[in-house]
Amino acid sequence: MSPNTQLLLLAFGAVVALIVLIARFKLHPFVVLILVSLALGTAAGMPVGNVVKAFQDGVGGVLGFIAIVVALGTMLGKLMAESGGATRIATTLIALFGERRVHWAIMFVAFIVGIPVFFQVGFVLLVPLVFTIARRTGMSLVKIGIPLVAGLSVVHGMVPPHPAAMLAVGAYQADVGRTIAYALLVGLPTAALAGPIFASWIAPRITLPAENPMAEQFGGGVSRDNMPGFGISLFTVLLPVLLMLCASAAAVALDPASPVRAGLDFVGGPIVALLLALLFSFWSLGYRQHFTRDQILKFANDCLGPTATILLVIGAGGGFNRVLIESGVGKAIADVALGSHASPLLLAWTVAALIRVATGSATVAMTTAAGIVAPISAVTPGTSAELLVLATGAGSLMLSHVNDSGFWLIKEFFNMTVPQTLKTWTVAETIIGVAGLGFTLLLSLVVSGCSPRVQSTAEGWIDVTATLDPAKTPVYQGDAPMKFDFLKDMRNGDILTLSVYSMGAHSGTHIDAPMHFVAHGAPIDQVALDPLIGAARVIDIPDSVQAIDAAELNQHDWKGAKRVLFRTRSTVRGWMDEPSFHKDFAYIAPDAAQLLADAGVVLVGVDYISAEQFGAPAPRTHQILLGRGIPIVEGLDLRPVQAGDYDLIVLPLKVRGHEGAPARAIVRKKALKA
């Protein structure tokens, strides 16, 4: 039995064990998730210490964001309920759409609200409306709740500017505007099928408990005569959405160095936006409605109790997710999918769907699948890059189950059993995945191959150069900022267009020459061509690894390679296409640098703007490699390629007497020998 088959069987067994232990034996999900995660990691051959660390990292990674969002959103929702704000919005929607169509209204509201916000943020903002409408109309919570999560989920997976969708846009080199237009054409009918239509069918078949602790938290204030107005109530709940939209607009329209953009980026972050909305609600729905400070404090305290269990279960789900990824299940899934010879659209959907089922993360599924399929689609004529984004997004939403933190969020808020959650949320997500693919294929009959597309390859060559863009390219802390301008511009009536650039030598994709850290070392114009042209090996480093030390290096097949390129968390997270400088990028530790140098490696490459640990007491990695005359390529964009052997060409600007220069890098997959 192959290692991949063993991993897949273990993952399947772990999922079955989770369902049986929770649904049949009634064990607490938090405890079961911990036990099954540890058992899976150990059975998959991970060192025991690594299993525990992977689980802890998964819990911390999920709760670091979700815990704050759920807490702030729950307090905001509680105040909306107690003040009557949620009731005011609900009664207005019911009056506008009628009780029979209010679940359609919720889907459209979720679709609109979900465009600038994360799934979890949109959910905690709008779920009080679901509870209020269900109580006032007597309609099933499932019939109203499923359209909510369907609308949010479709936008999360398919519509830029969500992070995963934007990463896929970059990997496939798709046009953002066209992708958004196609996403709306595909997303709205998909959300309708998975939301109101499916919910109307499944709701009579699901009987929920009479009592729901979370619904009770949002059950106050319904008898108040002096409810706030519809306008102020709607503005309060949409305030975080508006702040995030402003931040998104600023990212497009303003210079990265602009203090206005920095301020909007700060207030438009999900956590700060929710915090500001909550503080505003203290006035708009609190003091303005004549609540005292003590009453507002009591609301905030009372509503947090029921969230404790929810957060623990969601965190444990994130831990299970991380163990699955670290054990290699996601890579095994991708390897199986690549054995097929499907069209790029079907391949993108299949790879994303399989990774989603294995790891539970839509973001991981979408970014990983895009990295795998991009080089294949680049050499396939007639493939629409924009439709590839949609197909990948649809696949990344398939079959959410017990390894997805979203599964537990829905289960706990709606007080469903595991089987009920599988019948509602899991089926809705599967409908989204299948319908999203179906509508994308239908759209491909009209648009595929019709839209212009920038070709990044010639005879199999793939561009792995990060695009220099002051609005997107990160700059190392303390380095010179990038400034692009036009001295003359034909768009403004000039007879020609003439540009001027100002940037540091280590901007974007660039090469460090020995002179960078070695006294009397060779400058960039004297670096020989031999190390810059030839066979190279791309090595995948897990997202959880920050220090590529000797132990980590020796876990990979690198020996014998003359040129080594590291594909790390920076690629998975798209950091070479983000203006923010991330200090926790993966770096090459000195002991690994020494191994590479001693083995005769002639070039080393990384996918962020430095190979050295940020804040290292001494630049030992650079000194070791450059001291041996080994040039370092930094800032590669390795999203279009996967691990394996390639031909590499990377050529720097020939700048006399300087220590580094921007470079253009291309790779071509080496043909397998017969």
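For the structure itself, consult the block above.
Residues numbered from 1 in each chain as written. Predicted model: local features only at pLDDT ≥ 70, side-chain atom pairs only at ≥ 80, totals over all residues. Heavy atoms only, no water.

Caption draft 1: Summary view of the overall build of the protein chain. The secondary structure content of the protein chain amounts to 25 helices and twelve strands. Taking all 674 residues of the protein chain together, 53% fall into the buried category. Across the protein chain, every contact between residues at least 6 apart in sequence was considered, and the portion connecting residues at least 24 apart equals 79%. When the accessible area of the protein chain is evaluated, it comes to approximately 27,500 Å², of which 63% is carbon and sulfur surface. (Helix = DSSP H or I, 4+ residues; strand = E, 2+ residues; numbered from the N terminus. Buried < 20%, exposed > 50% of the residue type's maximum accessible area, 1.4 Å probe, protein only. Contact = heavy atoms within 4.5 Å. Areas by Shrake-Rupley, 256 points an atom, 1.4 Å probe, with all protein chains shown as cover.)

Caption draft 2: Quick look at the packing of aromatic side chains. Following the criterion strictly, the structure yields 13 aromatic pairs and no others. Each ring, one from phenylalanine 235 and one from phenylalanine 280, has its centre 5.5 Å from the other, and the planes form 80°; the classification is edge-to-face. One end of the pair, phenylalanine 235, is in helix α11 (residues 230–253); the other, phenylalanine 280, is in helix α13 (residues 270–286), with 45 residues separating them in the sequence. Looking at phenylalanine 235, the relative accessible area reads 37%, which means it is partly exposed. Taken together, a centroid distance of 5.2 Å and an interplanar angle of 90° make the contact between phenylalanine 291 and phenylalanine 299 edge-to-face. Looking at phenylalanine 291, the relative accessible area reads 9%, which means it is buried. (Phe/Tyr/Trp six-rings, centres within 6.5 Å; stacked < 30°, edge-to-face > 60°.)

Caption draft 3: Molecular detail of the pattern of salt bridges. According to the stated counting rule, one finds twelve salt bridges in the structure shown. Here aspartate 265 and arginine 261 are joined by a salt bridge, their closest N and O atoms 3.7 Å apart. In this pair, aspartate 265 and arginine 261 both sit in helix α12 (residues 259–267), four residues apart, roughly one turn of the helix. In this structure, the salt-bridge partner of aspartate 598 is arginine 628, at a minimum N-O distance of 2.6 Å. (Salt bridge = Lys/Arg side-chain N within 4 Å of Asp/Glu carboxyl O.)

Caption draft 4: The arrangement of the environment of glutamine 295 in detail. Along the chain, glutamine 295 falls in helix α14 (residues 293–304). Judged by its relative accessible area of 33%, glutamine 295 is partly exposed. Sequence separation of glutamine 295 and glutamate 82 is 213 residues, and the distance between their C-alpha atoms is 10.0 Å.

Caption draft 5: Quick peek at helix α21 (residues 418–447). Its 30 residues give α21 an end-to-end C-alpha distance of 41 Å, which sits within 8% of 44 Å, the value for a rise of 1.5 Å per residue. The largest bend in α21 comes to about 25°, at valine 427. (Expected span 1.5 Å × (residues − 1). Bend = angle between axes of the 7 residues up to and from the residue.)

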